[in-house]
Number of protein chains: 2
Amino acid sequence: MKRRLLLVSNSTLYGGGYLDHCQTQIQDFFGKGVKRVLFVPYALHDRDAYTKTARSKFKTLGYEVDGVHEAADPVEAVRKAEAIFIGRGNTFRLLKNLYDNKLVTEIRKRVFDDGVPYMGSSAGTNVSTVSINTTNDMPIVYPPTFAAIGLVPFNINPHYLDTDPNSRHMGETREQRITQYHEEPNTPIVLGLREGSMLLVEGKKVTLLGTTKARLFTPGKPAVEYDPGNDLSFLLDTERASVL
Amino acid sequence: MKRRLLLVSNSTLYGGGYLDHCQTQIQDFFGKGVKRVLFVPYALHDRDAYTKTARSKFKTLGYEVDGVHEAADPVEAVRKAEAIFIGRGNTFRLLKNLYDNKLVTEIRKRVFDDGVPYMGSSAGTNVSTVSINTTNDMPIVYPPTFAAIGLVPFNINPHYLDTDPNSRHMGETREQRITQYHEEPNTPIVLGLREGSMLLVEGKKVTLLGTTKARLFTPGKPAVEYDPGNDLSFLLDTERASVL
């Protein structure tokens, strides 16, 4: 089992710059073996500007960035990638573009078969899970399915937000939304990743990293809090043996 | 053109009870001619409990409520309805259930052909528009399309929320989300209905009611604010002559 994932809740933390809060973890994750990272900018409209932002940041960390949209053949670019990073933006747009460009199966293959390290942040974290059913984004386009790349057998809610007892806004709280999801049949567990936290997956081992707690929602059970540093490998328990 | 719609942003306003903030408008809208309102509780999981809540409230306003899920044949129930109310909950679940029960076309027919008054609140307002692309809800189920009942030729963002300059949360603001929607081709204008506001549509006349302003988003143009009482009939300008 070669799978290696770094799944970050948010790309920017209040008061800091783009990916500042996870730069140590990024360098630990890609290490010195990786020279070039294939960046998937599909979640934002202006892919060139977005790639420029990612390229500048990764340069300071010691990595070159190639935009998958710059390649003549995106599938071929994934086949040759040393490492993959999918960033923030609109999750519906991202997933639709991944399917339109036939990258979903290809990325899954590279991660599971070849151990290509995959980093996601925000929308890029959502699409790495079972489905995008627990995204916070507005459904601005209609993807062919909500099923996602499926690199882990659970869902994540990035940018997880605690209920604000002082709010006068009457929309559903984040916890209410996830509870509504779990009213539906056969839904996976959902990890609420607060801004500042991230998940490191190495084979069958899962560790919570970062500076904030995470909140786990299991259908029919009370939510449970976990601290940075906690071993969350049990999240993989429902994984079918066939993918291992 | 017989169309009559009351499209409410939110079902409950901070500090008040269910539908309290719009009860005068509900009575003005349904009037004394309507005796029974057909309620569509598809957006929440517990349809019986939800119908009970709506029934109690409407009773105090002088109307009986029938839950469409209580009918042996929901399509037949719509065919016989004097008035229709679709309420809050999860918009994806609501739209999927409307399609599963073949009610989308039937409701459109009754509103356009027979002048059956339609009231929506929150999710029920979303599904009355062109599409649910501008809902705030979590995509907990996958509907067969995001296209909705299409009683008006524009979209609404209910529970519209202004950007909070003091927020430390780094998720997209509501305005950013709607702007991302308008980056996509051929998207309709979007009316941001703040909590406390509602739209009255009578034939070709549209009026903003309630206590809060509304914010209009048009692709490629700056957003514009409108006050309660304003005539917004121009929102129907893009309507195809065929539906009139």
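What comes next concerns the included structure. For clarity, every value in this text was computed on a predicted model and none was experimentally measured.

Some remarks on the environment of Glu106 of chain B
Residues and elements named next belong to chain B.
Link 1 in the chain: Note on placement: Glu106 falls in helix 5 (residues 104-114).
Link 2 in the chain: Note on Glu106: relative accessible area 8%, which makes it buried.
Link 3 in the chain: Here the alpha-carbon distance between Glu106 and Glu76, two residues 30 residues apart in the chain, equals 9.2 Å.
Link 4 in the chain: Setting aside anything within four residues of it in sequence, one finds Glu106 in contact with Val75, Val78 and Arg79.

Observations concerning the interface of chain A and chain B
One frequently used descriptor of interface size is the decrease in accessible area upon assembly of the parts.
Link 1 in the chain: Counting from both sides, the interface comprises 42 residues of chain A and, opposite them, 42 residues of chain B.
Link 2 in the chain: Both sides of the chain A and chain B interface together cover about 3700 Å² of buried area, and 56% of this is carbon and sulfur.
Link 3 in the chain: In this assembly, chain A and chain B are joined by 8 salt bridges.
Link 4 in the chain: For Asp137 of chain A, the salt bridge identified is with Arg177 of chain B, shortest N-O distance 3.7 Å.
Link 5 in the chain: Between chain A and chain B we count 25 residue pairs in polar contact (both at pLDDT 80 or more) in total.

Notes on unusual backbone geometry
Residue and element names in this part refer to chain B.
Link 1 in the chain: Despite not being glycine, Leu19 has its phi angle at roughly 65 degrees, a positive value.
Link 2 in the chain: In this fold, Leu19 is placed in the loop between strand 1 (4-8) and helix 1 (23-30).
Link 3 in the chain: A relative accessible area of 0% means that Leu19 is categorised as buried.
Link 4 in the chain: The phi angle at His159 is positive, at roughly 50 degrees, despite the residue not being glycine.
Link 5 in the chain: Its place among the elements puts His159 in strand 6 (residues 155-160).
Link 6 in the chain: The class of His159 is buried, set by a relative accessible area of 9%.

Points about the relation of the copies chain A and chain B
Link 1 in the chain: Turning chain A through 180 degrees and shifting it by 0.0 Å along the axis lays it on chain B, with an RMSD of 0.0 Å. With respect to symmetry, the two chain copies, as superposed, fit the operation of a two-fold axis.
Link 2 in the chain: Of the residues that chain A buries at the interface, 100% are likewise interface residues in chain B, meaning the two copies contact each other through the same surface.

Let's talk about the packing of aromatic side chains
Centre-to-centre distance and the angle between the planes together describe a pair of aromatic rings.
All names here are of chain A.
Link 1 in the chain: Counted under the stated rule, the structure contains 26 aromatic pairs over all chains.
Link 2 in the chain: Residues Phe30 and Phe58 carry aromatic rings whose centres are separated by 6.4 Å and whose planes lie at 55 degrees to one another, so their mutual orientation is tilted. Here the residue Phe30 occupies a position in helix 1 (residues 23-30), and Phe58 occupies one in helix 2 (residues 47-61), the gap between them amounting to 28 residues.
Link 3 in the chain: An aromatic cluster of at least three residues, connected via ring pairs, comprises Phe29, Phe30, Phe39, Tyr50, Phe58, Tyr63 and Phe85.

Looking at the pattern of salt bridges
Link 1 in the chain: Evaluation of the coordinates by the stated rule reveals 40 salt bridges over all chains.
Link 2 in the chain: Residues Asp162 of chain A and Arg194 of chain A are paired through a salt bridge, measuring 2.8 Å at the closest nitrogen-oxygen approach. Placement of the pair is Asp162 of chain A in the loop between strand 6 (155-160) and helix 7 (174-182) and Arg194 of chain A in strand 7 (residues 190-194), with a sequence separation of 32 residues.
Link 3 in the chain: Residue Asp162 of chain A is classed as partly exposed on the basis of its relative accessible area, which comes to 44%.
Link 4 in the chain: Of the charged contacts, one joins Lys213 of chain B and Asp227 of chain B as a salt bridge, the two residues approaching to 3.7 Å between their closest N and O atoms. Taken together, the positions of Lys213 of chain B in the loop between strand 9 (205-210) and strand 10 (214-217) and Asp227 of chain B in the segment after strand 11 (224-226) put the pair 14 residues apart, joining distant regions of the chain.
Link 5 in the chain: Judged by relative accessible area, which is 41%, Lys213 of chain B ranks as partly exposed.
Link 6 in the chain: A relative accessible area of 35% means that Asp227 of chain B is categorised as partly exposed.

Remarks on the sheet that holds strand 7 (residues 190-194) of chain B
All names here are of chain B.
Link 1 in the chain: The 4 strands are arranged 6-7-10-11 in an open sheet whose pairing can be described as mixed. The sheet is open, and its two edges are formed by strand 6 and strand 11, each paired on a single side. Across the sheet, the axes of successive neighbouring strands diverge by a mean angle of 25 degrees, strand direction being ignored.
Link 2 in the chain: Sheet topology places strand 6 next to strand 7; 4 bridges connect them, and they run parallel. Across the sheet, the residue bridging to Asn157 is Gly192, located in strand 7.

A short note on the packing of helix 1 of chain B against helix 2 (residues 47-61) of chain B
Residues and elements named next belong to chain B.
Link 1 in the chain: For the pair helix 1 and helix 2, the least separation of the axes is 10 Å and the interaxial angle reads 70 degrees. One element, helix 1, and the other, helix 2, form an angle in the roughly perpendicular class. Only Lys57, Phe58 and Leu61 of helix 2 make contact with helix 1, whose side of the interface consists of Gln23, Ile26, Gln27 and Phe30.
Link 2 in the chain: Taken together, the residues of the contact of helix 1 with helix 2 sort by class into 4 nonpolar, 2 polar and 1 charged.

A few points about the pairing of strand 2 (residues 36-40) of chain A
All names here are of chain A.
Link 1 in the chain: Among the 5 residues of strand 2, 4 are classified as buried, and the element is accordingly described as predominantly covered.
Link 2 in the chain: By the bridge criterion, 4 bridges tie strand 2 to strand 3 (residues 64-67) in an arrangement that is parallel. By the bridge assignment, Phe39 is partnered in strand 3 with Gly67.
Link 3 in the chain: A crossover connection joins strand 2 to the parallel strand 3 through helix 2; in handedness this β-α-β unit is right-handed.
Link 4 in the chain: The sheet contact formed by strand 2 and strand 4 (residues 84-86) spans 3 bridges and is parallel. By the bridge assignment for strand 4, Leu38 is matched with Ile84.

Section: helix 4 (residues 91-100) of chain A
Residue and element names in this part refer to chain A.
Link 1 in the chain: The buried count for helix 4 comes to 7 of 10 residues, which makes it a mostly enclosed element.
Link 2 in the chain: Taken residue by residue, helix 4 has Thr91, Phe92, Arg93, Leu94, Leu95, Asn97 and Leu98 as its buried positions.
Link 3 in the chain: One side-chain oxygen of the residue at the start of helix 4 lies 2.9 Å from the amide nitrogen of Phe92, identifying that residue as Asn90.
Link 4 in the chain: Positive backbone phi, approximately 55 degrees, marks Lys102, located one or two places after helix 4.

About the cut-offs
- Residues numbered from 1 in each chain as written.
- Chains lettered and ligands numbered in written order.
- Predicted model: local features only at pLDDT ≥ 70, side-chain atom pairs only at ≥ 80, totals over all residues.
- Heavy atoms only, no water.
- Helix = DSSP H or I, 4+ residues; strand = E, 2+ residues; numbered from the N terminus.
- Buried < 20%, exposed > 50% of the residue type's maximum accessible area, 1.4 Å probe, protein only.
- Contact = heavy atoms within 4.5 Å.
- Buried area = accessible area lost by both parts, 1.4 Å probe.
- Salt bridge = Lys/Arg side-chain N within 4 Å of Asp/Glu carboxyl O.
- Polar contact = N/O pair within 3.5 Å; in protein donor to acceptor, adjacent residues only side chain to side chain.
- Least-squares fit on C-alpha atoms with pLDDT ≥ 70 in both.
- Phe/Tyr/Trp six-rings, centres within 6.5 Å; stacked < 30°, edge-to-face > 60°.
- Pairing = 2+ DSSP bridges.
- Axes fitted to C-alpha atoms, helices over the stretch in contact; angles between N-to-C directions.
- Parallel < 35°, antiparallel > 145°, perpendicular 65-115°, else oblique.
- Nonpolar A, V, L, I, M, F, W, Y, C, P; charged D, E, K, R; others polar.
- Right-handed = clockwise from strand over helix to strand, strands pointing away.

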